[in-house]
Protein chains: 2
Amino acid sequence: GRKVLIVYAHQEPRSFNGSLKRVAVEELSKQGCSVTVSDLYAMQFEPRATRNDIVGCLHNSDEFNYGVETWEAYKRGALSNDLMEEQKKVQEADLLIFQFPLYWFSMPAIMKGWMDRVLVQGFAHEFPNCYDSGLLKDKLALFSFTTGGSKEMYTKGGISGDIRYLLWPMQHGIMHFCGVKVLVPHICFAPECVSEEKRKEMLIAWAQRLKTLWKEEPINCSPEWYFK
Amino acid sequence: GRKVLIVYAHQEPRSFNGSLKRVAVEELSKQGCSVTVSDLYAMQFEPRATRNDIVGCLHNSDEFNYGVETWEAYKRGALSNDLMEEQKKVQEADLLIFQFPLYWFSMPAIMKGWMDRVLVQGFAHEFPNCYDSGLLKDKLALFSFTTGGSKEMYTKGGISGDIRYLLWPMQHGIMHFCGVKVLVPHICFAPECVSEEKRKEMLIAWAQRLKTLWKEEPINCSPEWYFK
């Protein structure tokens, strides 16, 4: 059975994001996958990258450098417990699903904090092991999110530009950098502006896609996919 | 005298980001500007968008919707104090400078949380007042940041792609959406990899730029600037 980690960022279980998360847990479990959910708001996950992420003495306490300190702490097993637990979940997972409402053309800060703090050097990448040789290669990622704006706004000629433009930092800058292969994102446009009927169809479409997810090919995560 | 708000996200005052911030405070004060700094880590700024941002009863407590609740709370003056204080600083500023180290092709989570929580509907935008007619029009913004990777990596043919690709969500998706005009970003590439001498030159170049900042024209914040 394959292992899936769902990193989920919504405050309200009754939200449409909550429903998308539940659909994924149900469908993937039905397939025999083992599914873990990191429910970031429920965990009160800490988004701030601070000295508290390192247990014990610092490598250089004269000038705090978060990247260097977490790298050193990772090597000696001295990262804070919440980080080590998330890293364990990532390590065991074949697929990472990020489920969130789009906030300001990106993920909510609580999820950005998960990226900033969990994917430390030594664990997720370590030069020259980045991009295709990143340390999390052989894993897959899928960004599943909802928008406020309509599909028409997020087109090449639309006021918000092609939705792919805003996927570059998340898919290429984070996941590809760590070697993770990226599946086509799953985007539910403006669920708050459509009928209950249409929202149900969106949930069914998500469940449907998940049925054949493991047969999908990752995208070619290069500028052409995003900006051509 | 013009008013400047510097939103600053680095843990360490002795860092290069700390120096860039100090240079800006000194140079702009020398010009007669009134400069305010929001030092996010020092303030232990809360990045998580939660129910705590609303004082008193919710508009709809059956299903918590952060966007709706903060919009309603803004209108009745019931946002939490830390948000109202930041909004007051924004309201008074002619120029917003965001100073940070690039984390994962974007800003650190603590700064993303500032965007998520401070720029609420009603205050920064309110349909149809978005983009060119956003509620913060007549203000300027400037993203000033440091990178880990070199300038060569952040080029069209480079492994990390043109640096402008990653500016789209921050400059267009956030600032332009709120009507703020964007000045050319100030980017210090890989300060940790160069000599002390070169770092000093970078600080001088920043001070130099600030001397004539008010004569600069904003960029044309459209897809052509980012992806042409």
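Residues numbered from 1 in each chain as written. Chains lettered and ligands numbered in written order. Predicted model: local features only at pLDDT ≥ 70, side-chain atom pairs only at ≥ 80, totals over all residues. Heavy atoms only, no water.

K.L.:
So what about the interface of chain B and chain A? Which residues, and what values?
P.N.:
With 48 residues of chain B in contact, the opposing surface of chain A contributes 48 residues. When chain B packs against chain A, close to 4,000 Å² is buried across both sides, 63% of that on carbon and sulfur atoms. Here chain B is connected to chain A by zero salt bridges. Across the contact surface, chain B and chain A share 24 residue pairs in polar contact (both at pLDDT 80 or more). Among the elements of the structure, α4 (109–118), α5 (163–175) and α7 (223–227) of chain B are those that each provide at least two residues to the side of chain B that touches chain A. The element contributing the most residues to the side of chain B that touches chain A is α5(B), with seven residues. Considering only residue class, the side of chain B that touches chain A consists of 26 nonpolar, 13 polar and nine charged. (Contact = heavy atoms within 4.5 Å. Buried area = accessible area lost by both parts, 1.4 Å probe. Salt bridge = Lys/Arg side-chain N within 4 Å of Asp/Glu carboxyl O. Polar contact = N/O pair within 3.5 Å; in protein donor to acceptor, adjacent residues only side chain to side chain. Helix = DSSP H or I, 4+ residues; strand = E, 2+ residues; numbered from the N terminus. Nonpolar A, V, L, I, M, F, W, Y, C, P; charged D, E, K, R; others polar.)

K.L.:
Could you give an account of the pattern of salt bridges, naming the residues involved and the relevant values?
P.N.:
All names here are of chain A. Counted under the stated rule, the structure contains 28 salt bridges over all chains. Put simply, Lys-211 and Glu-27 hold a salt bridge, and the shortest N to O gap is 3.1 Å. Highlighted residues: Lys-211 in helix α6 (residues 196–211) and Glu-27 in helix α1 (residues 16–30), separated in sequence by 184 residues. Glu-27 sits in the buried class, given a relative accessible area of 6%. The partner of Asp-53 in a salt bridge is Arg-117, with the nearest N and O atoms 2.8 Å apart. Linking Asp-53 in the loop between β2 (34–39) and α2 (66–75) with Arg-117 in helix α4 (residues 109–118), this pair joins segments that are 64 residues apart in sequence. Side by side, Asp-53 and Arg-117 carry an identical accessibility label, which is buried. Through salt bridges with shared partners, a single network forms among Glu-27, Lys-30 and Lys-211. (Buried < 20%, exposed > 50% of the residue type's maximum accessible area, 1.4 Å probe, protein only.)

K.L.:
Now, about the relation of the copies chain B and chain A: what can you tell me, with residues and values included?
P.N.:
Overlaying chain B on chain A yields an RMSD of 0.0 Å, the required transformation being a rotation through 180° with an accompanying axial translation of 0.0 Å. Taken together, the turn and the small shift mark the pair as related by a two-fold rotation axis. No C-alpha of chain B lies nearer the rotation axis than that of B:Ala109, which sits 2.5 Å from it. A share of 100% of interface residues in chain B that are also interface residues in chain A marks the association as one of identical surfaces. (Least-squares fit on C-alpha atoms with pLDDT ≥ 70 in both.)

K.L.:
Account for helix α3 (residues 81–92) of chain B, with residues named and values stated.
P.N.:
For an α-helix the count is 3.6 residues per turn, leaving residues at separations of three or four pointing the same way. All names here are of chain B. Look at α3: 17 Å from first C-alpha to last across 12 residues, which is about the 16 Å you get at 1.5 Å a residue. Buried within α3 we find Leu-83, Glu-86, Gln-87 and Val-90. In an axial view of α3, the angular spread of the buried residues amounts to 100°, which keeps them on one side of the axis. The exposed set on the far side of α3, more than 90 degrees from its buried face, consists of Asn-81 and Lys-88. Its buried side turned inward, α3 meets β1 (3–8), β2 (34–39), α2 (66–75), β3 (95–101) and α4. (Expected span 1.5 Å × (residues − 1). Arc of directions from axis to C-beta.)

K.L.:
I'd love a proper account of the UniProt feature "domain: Flavodoxin-like fold" (unreviewed entry) in chain A, names of residues and values included.
P.N.:
Mapped onto the present numbering, the UniProt feature "domain: Flavodoxin-like fold" (unreviewed entry) falls on residues 3–210 of chain A. The span residues 3–210 of chain A is 36% helix and 15% strand, and its two end C-alpha atoms sit 14 Å from each other. (UniProt positions renumbered as here; feature names shortened; annotations may be inferred.)

K.L.:
Lay out the packing of aromatic side chains with the relevant residues and their values.
P.N.:
Evaluated as defined, the whole model comprises 39 aromatic pairs over all chains. Here the aromatic rings of A:Phe227 and B:Tyr165 are separated by 4.1 Å at their centres, their planes lie at 35°, and the arrangement is tilted. Of this pair, A:Phe227 sits in helix α7 (residues 223–227) while B:Tyr165 sits in helix α5, each in a different chain. Among the residues examined, A:Phe227 registers a relative accessible area of 13% and is labelled buried. On the numbers, 6.2 Å between centres and 40° between planes, the contact of B:Tyr154 with B:Phe189 is tilted. Placement of B:Tyr154 in the loop between β4 (140–146) and α5 and of B:Phe189 in the loop between β6 (186–188) and α6 (196–211) is noted, with a sequence separation of 35 residues between them. (Phe/Tyr/Trp six-rings, centres within 6.5 Å; stacked < 30°, edge-to-face > 60°.)

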